[in-house]
Amino acid sequence: MSSDEASSPEQEEPVVEIDTQGDTQSIDVEQSDVETVSADEAAVSIESLQEQLLATQAKVQDQQDSVLRAQAEVQNMRRRAERDVANAHKFALEKFSADLLPVVDTLERALQSAADNADDSTQEGVELTLKMLTDTLKKHGVEQNDPIGEPFNPELHQAMSMQPNPDMEPNTVMAVLQKGYTLGGRLVRPAMVVVSQA
């Protein structure tokens, strides 16, 4: 550009005005078209956004429910594991104590046999051994069940026979053939009993 062209603003102004007016008119036309289309699209866009929002809220609610269920499941598993561990500690001696019960039975029979023979030293030794063993079992939660005179309970007793007895009520334990034992309230071995019959 020469210095003459730069100093004469009259030549450039009409070109700028025409261009500017033409651009302005075309822009105005495009904006009015956009505003018409934009209003329709905006309505559709708002509806689609509302649908997306509802879908997203439903998904969030489902996820929250899933999280709550998972937390509840974890809590239940933790409680179950704690209960299993407590039961394992509580009933760990069940098999061992069941294996010791025949020893107790044998000592009781030996005590009865020693009473017939009148050997005081043997009888005293068996009594002390039996007492030590039963005290040790009791210390670890093994309780003896000697149900003479009690009503028959099929959960704790095993009926070996029934005998008529007018002196006792029906279904009462008359004699105990073998004592029963429980460990922490759980049956280790049922008492073998003779039950009265009407």
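Calculation criteria
Residues numbered from 1 in each chain as written. Predicted model: local features only at pLDDT ≥ 70, side-chain atom pairs only at ≥ 80, totals over all residues. Heavy atoms only, no water. Helix = DSSP H or I, 4+ residues; strand = E, 2+ residues; numbered from the N terminus. Buried < 20%, exposed > 50% of the residue type's maximum accessible area, 1.4 Å probe, protein only. Areas by Shrake-Rupley, 256 points an atom, 1.4 Å probe, with all protein chains shown as cover. Expected span 1.5 Å × (residues − 1). Contact = heavy atoms within 4.5 Å. Core = buried A, V, L, I, M, F, W, Y, C linked by side-chain atoms within 4.5 Å. Pairing = 2+ DSSP bridges. Axes fitted to C-alpha atoms, helices over the stretch in contact; angles between N-to-C directions. Salt bridge = Lys/Arg side-chain N within 4 Å of Asp/Glu carboxyl O.

### Let's talk about the overall build of the chain
Argument step 1. Each helix and strand in the chain was counted, giving four helices and six strands.
Argument step 2. Across the 198 residues of the chain, 17% fall into the buried class.
Argument step 3. Counting only carbon and sulfur atoms, one obtains 54% of the accessible surface of the chain, whose full area is about 14,700 Å².

### Focus on helix 4 (residues 120-139)
Argument step 1. Helix length check: helix 4, at 20 residues, gives a terminal C-alpha distance of 28 Å against a target of 28 Å (1.5 Å per residue), a fit within 8%.
Argument step 2. Where helix 4 is buried, its residues meet helix 3 (94-117) and strand 1 (142-145).
Argument step 3. Positive phi shows up at Gly141, right after helix 4, with a value of about 95°.

### Examining the nonpolar core
Taken as a class, soluble globular proteins show a tendency for nonpolar side chains to be buried jointly.
Argument step 1. Ranked by internal contacts, the top residues of the largest apolar core, which has 13 residues, are Val104, Leu137 and Tyr181.
Argument step 2. Elements supplying a minimum of two residues to this core: helix 3, helix 4 and strand 4 (180-183).

### Remarks on the sheet that holds strand 2 (residues 157-164)
Argument step 1. One open sheet accounts for three strands, arranged 2-6-3; its pairing is mixed. In this open sheet, the two edge strands, each paired with only one partner strand, are strand 2 and strand 3 (173-178). On average, each strand axis in the sheet is tilted by 25° relative to the strand beside it, whichever way the strands run.
Argument step 2. Bridge count for strand 2 against strand 6 (residues 191-197) is seven bridges, and the pairing is parallel. If you follow His157 over to strand 6, its bridge partner there is Ala191.

### Notes on the sheet that holds strand 1
Argument step 1. Pairing within the open sheet is antiparallel, and its three strands lie in the order 1-4-5. Bordering the open sheet on either side are strand 1 and strand 5 (186-189), each of which pairs with just one other strand. Within the sheet, the average angular offset between the axes of one strand and its neighbour, ignoring direction, is 35°.
Argument step 2. Those strands touched by helix 3 are strand 1, strand 4 and strand 5, and its axis lies near 50° from that of strand 5.

### A look at the pattern of salt bridges
Argument step 1. Scanning the model with the defined rule gives four salt bridges in all.
Argument step 2. Salt-bridge contacts for Lys179 lead to Glu108; the nearest nitrogen and oxygen are separated by 3.3 Å. Here Lys179, found in the loop between strand 3 and strand 4, pairs with Glu108, found in helix 3; they are 71 residues apart in sequence, far enough to count as distant.

Purely geometric stuff here, so don't read any function into it on its own.
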